[in-house]
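The primary structure of each chain is shown beneath.
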Amino acid sequence: ITVDAQGRLTSATSGGTFGQDYQTAISTARSTTTSATFQTKVTLTTPSLTGTYRVGWTSVIDMDNNKKSVLARLQNTTDAATIGAEHSMEPKDPTDRVIAGGFAEVTFSGASKTFEIQYSATGNTAGIQDARIEIWRVS
């Protein structure tokens, strides 16, 4: 990378693996559930990969009752593992919205994996929207 005296990028060369094999799955529409069992909002299934990948996710969650909670997580269904932390939100006001998401490094060994953004309600109606899973190679 080369920058000029003002700090502006003037040239860059690519090298390494960062950003290779980029994939994404998106669902922007609002979905709802009253189920305490996790429901799937969006799924990303990779091809067979090898290497270390950064897997990230984001979503907007809500609950229509300020005495109940909505849960959201990114699940690696291939390995039965939650990526990062599970999010829980009990709103002070039923119109509250919270961003839930995170990222982690996942090692692939010549196999495909499936990731799902999942959500559930602990009573009343939980909502999720603007959900996105991204994956890209880091090494």
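Preceding block: the structure.
Residues numbered from 1 in each chain as written. Predicted model: local features only at pLDDT ≥ 70, side-chain atom pairs only at ≥ 80, totals over all residues. Heavy atoms only, no water.

Draft legend 1. The arrangement of the sheet that holds strand 10 (residues 114–121) in detail. The strand order 5-10-7-8 describes an open sheet built from four strands, whose pairing is antiparallel. Either end of the sheet is taken by a strand with one partner, and the two such strands are strand 5 (39–45) and strand 8 (81–89). On average, each strand axis in the sheet is tilted by 10 degrees relative to the strand beside it, whichever way the strands run. In terms of strand pairing, strand 7 (residues 70–76) meets strand 10 through seven bridges, oriented antiparallel. Note on strand 10: the bridge partner recorded for Asn76 is Phe115. (Pairing = 2+ DSSP bridges. Helix = DSSP H or I, 4+ residues; strand = E, 2+ residues; numbered from the N terminus. Axes fitted to C-alpha atoms, helices over the stretch in contact; angles between N-to-C directions.)

Draft legend 2. Main features of the packing of aromatic side chains. The full count for this structure, using the stated rule, is three aromatic pairs. Sitting over the face of the ring of Phe38, Arg73 holds its NZ or CZ atom 3.7 Å from the ring centroid. Between the NZ or CZ atom of Lys113 and the centre of the ring of Phe108, over which it lies, the distance is 5.5 Å. (Phe/Tyr/Trp six-rings, centres within 6.5 Å; stacked < 30°, edge-to-face > 60°. Lys NZ or Arg CZ within 6 Å of the ring centre and 35° of its normal.)

Draft legend 3. Region of interest: the pairing of strand 8. The sheet contact formed by strand 7 and strand 8 spans six bridges and is antiparallel. Its bridge partner being in strand 8, Asn76 is matched across the sheet by Ala81. Hairpin connection, strand 7 to strand 8: the antiparallel pair is bridged by four residues, and Ala80 has positive phi, about 50 degrees.

Draft legend 4. View of the environment of Ser139. By secondary structure assignment, the location of Ser139 is in the segment after strand 11 (126–137). As for Ser139 and Thr50, which are separated by 89 residues in sequence, their C-alpha atoms are 9.4 Å apart.

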